[in-house]
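Residue-level structure breakdown
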Amino acid sequence: MLKPHPTVLRRLVEEYETLSAADPRTRDLAYTLCVSTGTRDVRQALAVARGWLAAAGTEPSEAGAPAAV
């Protein structure tokens, strides 16, 4: 399976974590995270994404904090 670039994956994780459940974009982000990580559950997708980011040395920043450039 192809892995998304860590920068793209970090942005997806951070955006998902900062949106409220009421925001309609949350569903789209959950789907994209699941497709990107080859999972079917957003909790699994976040765990896989965080693992990949940690392995790449680019762990997601705190929710709501801007990503380092």
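Residues numbered from 1 in each chain as written. Predicted model: local features only at pLDDT ≥ 70, side-chain atom pairs only at ≥ 80, totals over all residues. Heavy atoms only, no water.

With that settled, consider the environment of V48. Here V48 is to be found in helix 3 (residues 42–56). Along the backbone, V48 and C34 are 14 residues apart, and their C-alpha atoms lie at a distance of 9.4 Å. If sequence neighbours within four positions are ignored, V48 has contacts with T37 and T39. (Helix = DSSP H or I, 4+ residues; strand = E, 2+ residues; numbered from the N terminus. Contact = heavy atoms within 4.5 Å.)

Here we take up the packing of helix 2 (residues 25–37) against helix 3. Geometry of a packed helix pair, given as the angle between the helix axes and the separation of the axes. Orientation of helix 2 relative to helix 3, taken along the N-to-C sense of each, is 55 degrees, at an axis distance of 9 Å. What the angle tells us is that helix 2 and helix 3 run oblique. For the element pair helix 2 and helix 3, the recorded crossing hand is left-handed. Residues A30, L33, C34, S36 and T37 of helix 2 touch helix 3, and the partners they reach there are V42, A45, L46, V48, A49 and W52. When the residues that make up the contact of helix 2 with helix 3 are grouped by side-chain class, the tally is nine nonpolar, two polar and no charged. (Axes fitted to C-alpha atoms, helices over the stretch in contact; angles between N-to-C directions. Parallel < 35°, antiparallel > 145°, perpendicular 65-115°, else oblique. Left-handed = near helix turned anticlockwise from the far one by under 90°. Nonpolar A, V, L, I, M, F, W, Y, C, P; charged D, E, K, R; others polar.)

Core analysis: the biggest nonpolar cluster contains 14 residues, and L9, V13, Y16, L29, L33, V42 and L46 have the highest contact counts within it. It is helix 3 that provides the largest number of residues to this core, a total of five residues. Setting aside residues up to four positions removed in sequence, V42 forms contacts with Y16, A30 and C34. (Core = buried A, V, L, I, M, F, W, Y, C linked by side-chain atoms within 4.5 Å. Buried < 20%, exposed > 50% of the residue type's maximum accessible area, 1.4 Å probe, protein only.)

Tallied over the full model, the rule gives three salt bridges. Where E17 meets R50, a salt bridge forms, and the shortest distance between an N and an O atom there is 2.0 Å. With E17 in helix 1 (residues 6–18) and R50 in helix 3, the pair connects residues that are 33 residues apart, well separated along the chain. Linking D41 and R43 is a salt bridge whose minimum nitrogen-to-oxygen distance equals 3.1 Å. (Salt bridge = Lys/Arg side-chain N within 4 Å of Asp/Glu carboxyl O.)

Geometric descriptors of this kind do not, in isolation, establish any biological role.
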